[in-house]
Amino acid sequence: MNIKIEEAAKHLSEVIQIKSLSSRNYEEIDFEPFLKIHQWLKETYPLIHQRAKVEVINTGALLYTFKAKESKKLPLLFMAHMDVVPVDEETVDQWKFDAFSGTIENRIIYGRGAKDMKNQMVAFFEATELALKDGKEFDYDLYFCLGYDEENGGRNGMAKIVEHLKQNGIKIGTVIDEGGTISNNVMGIPGNIALIGVCEKGFANVKITAQGIGGHSSMPPIHTALGKVCKAASLLEEQQMPIIVSDVFKEMMNTLKPFLPDEISSHLDVNDSKKVEAVVANMASANALLRTTTAVTMALGSPAPNVLPSIASIMVNFRIIPGDSIDSLINHISEVIGDDFELELQQCSEPSKISKMDEEYQLLQQTIKEVCPELKAAVPFVMVGATDSKYFDDICDHIYKFGPFKCSEEELKTIHGVNEFLRFEDLELGIRFFYQMLQNYGK
Ligand SMILES: [Zn+2]
């Protein structure tokens, strides 16, 4: 393998310059930038385009199929989204360079998409092009799936690709999508730890409404409609859904235990959920990995200070952990706040299933260790955000949400934020990872 990193970096810079913004509604999507990316891929990766069958799905999404002569196991699938989020108007002058210039300075590529996630797309295209150049023959089917509306839910892009795969009866062995990265400060542990997302939380926006008697506020009842919904809000904060100590959390903590400070590890018995609860009770990030979280985010009362609200409402954003469901959440809410309220489920999605942590998981772990020898550990975790890979739940048992790049907590803020960037060495790590994955998967 002979990675020409300057060339690969130039490729990432080029595709960052294609301003590929998307939209929730199909009718509002400008497909021109996506079609430009299609053309760019064709010109940049000729061997891939000689070898693979390329299908355009629902105008802008791409499905690449590399058929093996004889396949020994279920297919391997790499996925990415071509769309990026826009730059917030108010932060434009905080960018070092224009977000869509793809400027390269001191072996760093700047721009929207450098980390989320044109880097990953470029990394697996570079790796596969190199593998083909090196004469790679596949003994399994390989797929690439590129969506165009992940940042808006993925319903027109990735969801349609998966529908197409389902119609053709295709099952996938392993999916690799964006998600966790190689982080340097997991639970305060110094050194490199790979975080592999094996499931993702669902969510629900629930509007809770109470009725009241309107009128002037000079002779109010004890509880106004707004007072009632505020009480409901405070009850929901106090009585959260119980924690679920899943196998994912157990595996994560058991792997990390040797690296944790004694004062934490000695108290942390993952088989005792009371102890786990006591340790994580005050850690918002750990709390989010263990339970359905409750965030009261909006409230509406009367239009004036001296008017009683005849109706009042709050909005609560729940993030549902695998193990809970939308149904169990609604039951929980009713039990906690009573039946004096009207509940309206506004948007929601169920949590994903949990991917298996078997030999396919170990193969991934092994591959990360091979390309990143300084790695301390690779651990599974629950993704708190949503990705396009949830659409594969029905046709794949091993969906791993992992980007093979080093990313500190500080750098994480540049994603959807200001001065998003990628170092050459990280791009190289990504390319080596996908190249190695192609070698290891067939074994
Ligand atoms: Zn993304």
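Residues numbered from 1 in each chain as written. Predicted model: local features only at pLDDT ≥ 70, side-chain atom pairs only at ≥ 80, totals over all residues. Heavy atoms only, no water.

What to know about the packing of helix 4 (residues 118-133) against helix 14 (residues 424-441)
Helix-helix packing is described using two parameters, namely the angle between the two axes and the distance between the axes.
Point 1. Running from N to C, helix 4 and helix 14 cross one another at 50 degrees; their axes reach a closest spacing of 8 Å. In terms of axis orientation, helix 4 runs oblique to helix 14. Seen along the crossing, helix 4 lies across helix 14 with a hand that is right-handed. For the pair helix 4 and helix 14, contact is made by N119, Q120, V122, A123, F124, E126, A127, T128, L130 and A131 and by L427, G430, I431, F434, Y435 and L438, respectively.
Point 2. When the residues that make up the contact of helix 4 with helix 14 are grouped by side-chain class, the tally is 11 nonpolar, four polar and one charged. (Axes fitted to C-alpha atoms, helices over the stretch in contact; angles between N-to-C directions. Helix = DSSP H or I, 4+ residues; strand = E, 2+ residues; numbered from the N terminus. Parallel < 35°, antiparallel > 145°, perpendicular 65-115°, else oblique. Left-handed = near helix turned anticlockwise from the far one by under 90°. Contact = heavy atoms within 4.5 Å. Nonpolar A, V, L, I, M, F, W, Y, C, P; charged D, E, K, R; others polar.)

Brief notes about helix 5 (residues 158-167)
Point 1. Along helix 5, the positions that sit buried rather than exposed are M158, A159, I161, V162 and L165. Buried residues along helix 5 cover an arc of 160 degrees about the axis, so they all sit on one side.
Point 2. In this structure, the buried residues of helix 5 make contact with strand 1 (53-57), strand 2 (61-66), strand 3 (76-81) and strand 6 (142-147).
Point 3. Backbone geometry just after helix 5 places G169 at a positive phi near 70 degrees. (Buried < 20%, exposed > 50% of the residue type's maximum accessible area, 1.4 Å probe, protein only. Arc of directions from axis to C-beta.)

Re the nonpolar core
Point 1. Judged by nonpolar contacts, the single largest core of 112 residues is most densely connected at Y64, F78, F125, L146 and F392.
Point 2. If you tally residues by element for this core, the top one is helix 14, at 10 residues.
Point 3. In this view, F392 contacts L77, M79, C145, M158, V162, L165, V175 and I399; residues no more than four positions away in its chain are not counted.
Point 4. With 21 residues, the next largest nonpolar core counts A312, I314, I326 and V336 among its residues. (Core = buried A, V, L, I, M, F, W, Y, C linked by side-chain atoms within 4.5 Å.)

Brief notes about the pattern of salt bridges
Side-chain pairs of opposite charge can arise whenever the charged atoms involved come near each other.
Point 1. Evaluation of the coordinates by the stated rule reveals 19 salt bridges.
Point 2. Here E6 makes a salt bridge to R107, at a shortest N to O gap of 3.0 Å. With E6 in helix 1 (residues 5-16) and R107 in the loop between strand 4 (104-105) and strand 5 (108-110), this residue pair connects regions lying 101 residues apart in the sequence.
Point 3. Close ionic contact of K166 with D394 constitutes a salt bridge, the shortest N to O distance being 2.9 Å. Pair noted here: K166 is in helix 5 and D394 is in the loop between strand 15 (375-383) and strand 16 (399-406), with a separation of 228 residues, a long-range link.
Point 4. Each of K115, E411, R423 and D426 takes part in one network of salt bridges that share partners. (Salt bridge = Lys/Arg side-chain N within 4 Å of Asp/Glu carboxyl O.)

Considerations on the pairing of strand 9 (residues 202-211)
Note on strand geometry: in a regular strand, side chains alternate between the two faces of the sheet.
Point 1. Among the 10 residues in strand 9, seven count as buried, and that is most of the element.
Point 2. Inspection of the sheet shows strand 9 paired to strand 13 (residues 311-320) by 10 bridges, in the antiparallel sense. Of the residues in strand 13, the one forming a bridge with A210 is A312.
Point 3. Where strand 9 lies against strand 14 (residues 342-349), seven bridges are found, and the strand directions are antiparallel. Counted as the bridge partner of F203 is S349 from strand 14. (Pairing = 2+ DSSP bridges.)

Quick word on the coordination of the zinc ion
Point 1. At the metal site, the zinc ion is ligated by H81 (NE2), D116 (OD), E178 (OE) and E178 (OE), and these contacts range over 1.9 to 2.6 Å.
Point 2. With four donor atoms in place around the zinc ion and angles of 53 to 148 degrees between them, the coordination shape is irregular.
Point 3. Written as a sequence motif, the donor residues of the zinc ion are H-x34-D-x61-E. Placement of the pair is H81 in strand 3 and E178 in strand 7 (residues 174-186), with a sequence separation of 97 residues. Like H81, the residue E178 is buried in the burial classification. (Donors = N, O, S within 2.8 Å, 3.2 Å for Na, K, Ca; no water. Tetrahedral: all angles 85-135°; square planar, octahedral: opposite > 155°, others 65-115°.)

Some words on the environment of L165
Point 1. Mapped onto the fold, L165 is located in helix 5.
Point 2. The class for L165 is buried, based on a relative accessible area of 0%.
Point 3. Contact partners of L165, with chain neighbours within four places excluded, come to L63, L77, Y143, I170, F392 and I395.

So, the side chain of N317
Point 1. By secondary structure assignment, the location of N317 is in strand 13.
Point 2. Classification of N317 as buried rests on a relative accessible area of 15%.
Point 3. For N317, the side chain forms a polar contact with the side chain of R319, separated by 3.1 Å. (Polar contact = N/O pair within 3.5 Å; in protein donor to acceptor, adjacent residues only side chain to side chain.)

Side note on the sheet that holds strand 4
Point 1. The strand order across the open sheet formed by three strands is 4-5-17, and the pairing between neighbours is antiparallel. Two strands close off the open sheet at either side, each with one partner strand: strand 4 and strand 17 (421-423).
Point 2. Where strand 4 meets strand 5, two bridges bridge the pair, whose relative direction is antiparallel. Counterpart to E105 in the pairing with strand 5 is I108.
Point 3. Helix 14 contacts strand 4, strand 5 and strand 17 of the sheet and is inclined by roughly 75 degrees relative to strand 17.

Quick word on the sheet that holds strand 9
Point 1. The strand order 11-13-9-14 describes an open sheet built from four strands, whose pairing is antiparallel. The open sheet terminates on both sides in strands that have one partner only, identified here as strand 11 (293-300) and strand 14. Mean inter-strand twist for the sheet, computed between neighbouring axes without regard to direction, equals 20 degrees.
Point 2. Docked against the sheet, helix 6 (residues 225-238) engages strand 9, strand 11 and strand 13, running at close to 15 degrees with respect to strand 13.

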